[in-house]
Amino acid sequence: MIDIVLVILFCYQLHRMARERGISPWPYVLNYLAAFFLMMFSFAFIFLNFFGMDALKDEQGIKSAMMFEPFAIMFEVFLFIYFRKRIQKAVASNNDNNDFNPPSEPPKKEKKDLSYFR
């Protein structure tokens, strides 16, 4: 349950920080969610491989599953820090299509003095 609360809170913070920087927040939020779900499915797969399919049916299995919870929370926090750093390093582009400036003309080349050939 705490995982879901942390994911919602971190996604909101990533969205807010990206908007303040003037960049699109969706790549950061969606990458965060994708990495979170990928890691949770990986944790579940590893847990079920080690303890078997009937591991969550008894109290001992649930206690052994809770051993993985601190690692999951630590992963969420470090993933948030990673994406926060990427947002802080991102450069906001100020591409305003209404503000067109034609390219400047290149400097004109001077003709060489070829009078010494006469």
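Here the structure is shown first, and the text comes after it.
Computed from a predicted model, the values in this text were never measured in an experiment.

**A closer look at the side chain of Ser64**
Part 1 of the argument: You can see Ser64 is positioned in helix 3 (residues 59-66).
Part 2 of the argument: Those residues in contact with Ser64, other than ones at most four positions away along the chain, are Phe47 and Phe51.

**Observations concerning helix 2 (residues 26-51)**
Part 1 of the argument: Taking 1.5 Å per residue as the helical rise, helix 2 with its 26 residues ought to reach 38 Å, and the 37 Å between its terminal C-alpha atoms agrees with that figure.
Part 2 of the argument: Every buried residue belonging to helix 2 is among Tyr28, Val29, Tyr32, Phe36 and Phe47, and all of these are buried.
Part 3 of the argument: For helix 2, the elements touching its buried residues are helix 1 (2-21), helix 3 and helix 4 (69-89).
Part 4 of the argument: Backbone geometry just after helix 2 places Gly52 at a positive phi near 90°.

Rules behind the numbers
- Residues numbered from 1 in each chain as written.
- Predicted model: local features only at pLDDT ≥ 70, side-chain atom pairs only at ≥ 80, totals over all residues.
- Heavy atoms only, no water.
- Helix = DSSP H or I, 4+ residues; strand = E, 2+ residues; numbered from the N terminus.
- Contact = heavy atoms within 4.5 Å.
- Expected span 1.5 Å × (residues − 1).
- Buried < 20%, exposed > 50% of the residue type's maximum accessible area, 1.4 Å probe, protein only.

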